Amino acid sequence: MTDLLFEIGAEEIPASYITPALDQMKVLFAEGAKKHRLEIHSLYCTGTPRRLTLFAKGLPQKQESITEEIQGPSAAIALDKAGNFTKAGLGFARSQGVEINNLLVKKTAKGEYCFAIKKIAGRETLHILPEILTEIIKNISFPKSMKWKENGLFFARPIRSLLVLFGDKVVPVEVNGIKADKFAFGHPFLSGKRIEIPEADWDLYKQLLKQEKVTVDMAERRGALRTKITDLMTPYGASIDDEELLDEVTNLVEYPNAIECKFDEEFLDIPADVIETAMKEHQRYFPIKKSDGKLLNKFITALNRDESNANTTIRGNERVLRARLSDARFFWKEDRKTPLEKRVEDLKNLAFLAKLGNYYDRTNRIVDLSNFLSHRLTNFGTLTIEDAALVKRASLLCKADLLTQMVGEFPSLQGIMGREYAEWDGENPSVTSAIAEHYRPRFAADSIPASKIGAVVGLADKFDTICSCFVLGLIPTGSQDPYSLRRHAYGIIRILEEYGFTLELKEILSQALSLLPTFSERNSEHTIREKIVSGIKEFFRDRLFQINIERGCRHDLVNAVLNSGAGFDDIYDFSQRLKTLSGISKENWWHDLVTVVERTFNIGKKASSIGSVEERIFTEPEERQLWSVYKKNEADIRKLIDGKRYEEASYEYYDAFAKPVHTFFDRVFVNVEDEKIRNNRLLLLKEINELYSAKIADLSQIIIPNNKPASD
Amino acid sequence: MTFQEIVLKLQNYWADYGCVIWQPYDIEKGAGTFNPATFLRALGPEPWKCAYVEPSRRPTDGRYGENPNRLQHYYQFQVVIKPAPDNSQDIYLNSLRFLGIDLVKHDVRFVEDDWESPTLGATGLGWEVWLDGMEVTQFTYFQQVGGVELEPITLELTYGLERIAMFIQEKESVFDLEWVKGYTYGDIHKQDEVQFSTYNFKVADTAMLLQLFDTYEKECQRLLKEDLVLPAYDYVLKCSHAFNMLDARGAIGVTQRTGYIGRVRNLARRCAESYVKLREALHWPLLKGNPVAAIHR
């Protein structure tokens, strides 16, 4: 057993590329080893901005030898009657490079055939590794790759060294003119040395690099930075609140360290969000916030070196931040000279999507759609008239900050600057927070708008984006979703669920689409719009399915609710029904409930759709009994359903029908000759089935515990 | 070290490396990349080593001389080397050491930068080089210029001279930099900043600029037809500057912006293609009879 140490030495690789590249290295090596029949004991990948390292433990010296059987001509052709090989048989042996005594006749499904038995001796691992490792270098993919030599390889940044040791032997890899050797580079500034690594020994490699000021292990570097930064923050009652920034900074340095800097207190009159963005976005500084969230005039920057001469570094970083904050203050001053309301008209200069005009048009659509949603929600009493007026104002101003200088400089402050400037203009506080909130959720773990006002504007904004893209045919496919429509749909779903807004999807989509310019002939406009609506509805169906699966819901439950008569047009109601089913699927009466729906579905679907149950046609007491149970309970169950009391409705349905349906199927033969009697029975079963599956969930799609679909 | 000493030192360092010490090109431009010594010479297989100071104009960055870090006119020190040497980073870092910057005492970082010039149809990958958090150089391996894939690759180093000087002289404001004993950067350039900021933002005649843009574009197209690629390229620069001026005046809407940038890029692309043809017709003179492959070593 021998270990392998493989280090790709490169010029600084972008921080965000490193972890994905290491993951790929691991997979590519495992695949390569498997393909070449090399067993590995363990595999570890780690790295810094200047090196991607793989350590494989316990490789064999040689591949296992194997025996291959290659099928040749049939026995009838390869052998003569005396059992000797014919010319054809001998020719086969020659073509395979084996002696006659390695030919064999074997029975197969198609008769007897001649086989060549080939022994393939295992190759030396040392000779196989160059193939595997070269493939790794060629196949790691990066978001952006570059060329640095003629006719050469593409990689994130130029590769400048390859350290490849198998035991104490250098593996002869050569890529893009770089020959493997047993040297790694130390820290470029603190060491500058080429270090000889005597053998593939992980601890030794780590230790030798550490002597040359490189902490090669990413987890160790991250830990060291966390400790250092936490130590600096603790005296202020602050703590690290941005793990992603810590991840990023970990991959910007080889020698993890951090120092505290400060800035003039006078800058604290700029909005805190602006200061934080100026620190984080370009400079990757950690702001220091007291436990109450208040920003201090201090920050921490990671260092790629020790503290000696830290003063010059501190001064340098402070100077840089001062310049950025001076600029921010200039924008803060200039931008406030024009009230937000006046900026709305300027949005004509900001293009939206090709053909769909500009942000001024878009603002008007968001205003109209917000208004439409407000109307619906005030009808239900979810929103007050006063709220609706605030929605109107917020929707008008929600995009007005896009052409401010501050948002031009820091695009991630969109919405937030809108809030700040609106506050300055003296807008109602509900309006100002709605402007900031309407972009939420901006990512999966983000919160939704904290106010109803922000939620309604957010819905209008998201629906307009989705509809605009669908009209232009910019529909997400596979991994391609350039306009983040999935995130927008996710936002809509969460807002509807968490606010309990009762709205009809189809109606909103039709409204949103009617606000968009049309590109089709007048007479085909209606059909085209219908098509787009159903396309978007399908998109929402996929999203609802995906989101609920990710939340851990059962596939069959989600499908049962999606495919019920009530469907998902009212997304909040959909979620309520799904939640109810997830709950009762753990009850002991669940199985019987499913059985009622399933059995009535299987047979009821044969009923002709016209006509209704007629009592006088009944012949058997069990069917009369079932009908009277239906008549007795139907109204109650419908009332519970209308009141959205789905759990009670389900129980009552089960309680009423489980026994009589069972008895019915035991005693009554449905498919009798007499068409009238037969159809009457089918209609009865259909009524019972639809009482549940049209309104709550189509339980015939439920897979019961013995892993068998209930409807089979 | 004074501002002008920094320039002189960099010139000496790169002259010793074997660079042609070029001079600024005499047409307004946004960056040293626009100089034909970079844009055109990066094309084709001929080896090229060149360094020069480039006065650069970015009308939108004007702040009336009130911001200590932003200028509408500033200086770059530009180095281009083709093919990019294997020890690119080392020779660059040595130039900083040559300026007396002790790299052990400062925090040096190579921070990811995907460089792109939409007007020039040029892209490259590399870094911003930071000294104690301040970006002092753009370090780029060109991949494409004028829409043409490069082979071999050109290395471009763009030093921000004011930034480096502020770093070395530890000054808070660009205007306080010592240009030479007795003169500050402000003495020499502050008035320009006030005057040009006013002109760029408020006074420039947009109707004239719009007309000039069209005129320059036509002239460029006409010269390309006459196979006069070098004069044609001058008009790409003129178009680009007219566009920058219009941008500063806020005379171009966001939608139109893309259109104007596309028009300049189109001219730049055609110049790049013509230049490659021109040099090829001359049998790549700078290869000096060496086969292309030999030069690539």
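Notes on the structure in this doc start here.

## What to know about a nonpolar patch on the surface
Residues and elements named next belong to chain B.
At step 1: Taken together, the side chains of Phe196, Tyr199, Val203 and Met208 define a hydrophobic patch exposed on the protein surface, amounting to about 330 Å² of accessible area.
At step 2: The element contributing the most residues to the nonpolar patch is helix 5 (residues 185–203), with three residues.
At step 3: Mapped onto the elements of the fold, Phe196 is located in helix 5.

## Focus: the packing of helix 23 (residues 621–642) of chain A against helix 24 (residues 646–667) of chain A
Residue and element names in this part refer to chain A.
At step 1: It is the contact of helix 23 with helix 24, at a shortest axis distance of 10 Å, that shows an interaxial angle of 170°. Taken together, the axes of helix 23 and helix 24 are roughly antiparallel relative to one another. Of the residues in helix 24, those in contact with Glu622, Glu623, Leu626, Val629, Tyr630, Asn633, Asp636, Ile637, Leu640 and Ile641 of helix 23 are Tyr646, Glu648, Ala649, Glu652, Tyr653, Ala656, Phe657, Pro660, Val661, Thr663, Phe664 and Arg667.

## Here we look at the packing of aromatic side chains
Two measures describe an aromatic ring pair: the distance that separates the ring centres and the angle between the ring planes.
Residue and element names in this part refer to chain A.
At step 1: Applying the stated criterion across every chain yields a total of 45 aromatic pairs over all chains.
At step 2: An angle of 35° between the planes, with centres 5.7 Å apart, marks the rings of Phe55 and Trp202 as tilted. Placement of the pair is Phe55 in strand 3 (residues 51–59) and Trp202 in helix 5 (residues 202–211), with a sequence separation of 147 residues.
At step 3: Among the residues examined, Phe55 registers a relative accessible area of 8% and is labelled buried.
At step 4: With relative accessibility at 13%, the residue Trp202 sits in the buried group.
At step 5: One residue, Lys106, lies across the ring of Phe115, its end atom 5.5 Å from the ring centre.

## A closer look at the nonpolar core
At step 1: Counting residues in each nonpolar core, the largest one holds 272 residues, and the members touching the most others are Leu4, Phe29, Leu162, Phe540 and Phe657 of chain A together with Trp14 of chain B.
At step 2: Here the element with the most residues in this core is helix 16 (residues 452–471) of chain A; it accounts for eleven residues.
At step 3: Not counting residues up to four positions away in its chain, the partners in contact with Leu4 of chain A are Phe29, Leu54, Phe55, Ala56, Leu59, Leu129, Leu133, Val164, Leu165, Phe166, Val171 and Ala200 of chain A.
At step 4: By size, the runner-up hydrophobic cluster in this structure holds 18 residues, among which are Leu225, Leu232, Ala238 and Ala302 of chain A.

## Description of unusual backbone geometry
At step 1: The omega torsion across Arg440 of chain A and Pro441 of chain A is -5°, close enough to zero to call that bond cis.
At step 2: For Pro441 of chain A, the location among the structural elements is in the loop between helix 15 (429–437) and helix 16.
At step 3: Cis geometry marks the peptide bond from Lys82 of chain B to Pro83 of chain B, where omega comes out at -5°.
At step 4: Among the structural elements, Pro83 of chain B can be located in the loop between strand 3 (73–82) and helix 3 (88–98).
At step 5: For Arg37 of chain A, which is not a glycine, the phi torsion comes out positive at approximately 55°.
At step 6: Mapping Arg37 of chain A onto the fold places it in the loop between helix 1 (15–35) and strand 2 (42–48).
At step 7: Arg37 of chain A sits in the partly exposed class, given a relative accessible area of 28%.
At step 8: Its identity is not glycine, yet Asp132 of chain B carries a phi of approximately 45°, on the positive side.
At step 9: Secondary-structure assignment places Asp132 of chain B in the loop between strand 5 (122–131) and strand 6 (134–145).

## Describing the sheet that holds strand 4 (residues 66–74) of chain A
All names here are of chain A.
At step 1: Ordered by their spatial adjacency, three strands build an open sheet running 4-6-5, and the pairing between neighbours is antiparallel. Whereas interior strands pair on both sides, the edge strands pair on one side only; in this sheet they are strand 4 and strand 5 (103–108). Neighbour-to-neighbour, the strand axes of the sheet open up by a mean angle of 40°, direction not taken into account.
At step 2: Pairing analysis gives six bridges linking strand 5 to strand 6 (residues 111–120), with the strands arranged antiparallel.

Thresholds applied
- Residues numbered from 1 in each chain as written.
- Chains lettered and ligands numbered in written order.
- Predicted model: local features only at pLDDT ≥ 70, side-chain atom pairs only at ≥ 80, totals over all residues.
- Heavy atoms only, no water.
- Patch = residues over 30% accessible without salt bridge, like charges linked within 9 Å, V, L, I, M, F, W, Y side chains within 5 Å.
- Areas by Shrake-Rupley, 256 points an atom, 1.4 Å probe, with all protein chains shown as cover.
- Salt bridge = Lys/Arg side-chain N within 4 Å of Asp/Glu carboxyl O.
- Helix = DSSP H or I, 4+ residues; strand = E, 2+ residues; numbered from the N terminus.
- Axes fitted to C-alpha atoms, helices over the stretch in contact; angles between N-to-C directions.
- Parallel < 35°, antiparallel > 145°, perpendicular 65-115°, else oblique.
- Contact = heavy atoms within 4.5 Å.
- Phe/Tyr/Trp six-rings, centres within 6.5 Å; stacked < 30°, edge-to-face > 60°.
- Buried < 20%, exposed > 50% of the residue type's maximum accessible area, 1.4 Å probe, protein only.
- Lys NZ or Arg CZ within 6 Å of the ring centre and 35° of its normal.
- Core = buried A, V, L, I, M, F, W, Y, C linked by side-chain atoms within 4.5 Å.
- Pairing = 2+ DSSP bridges.

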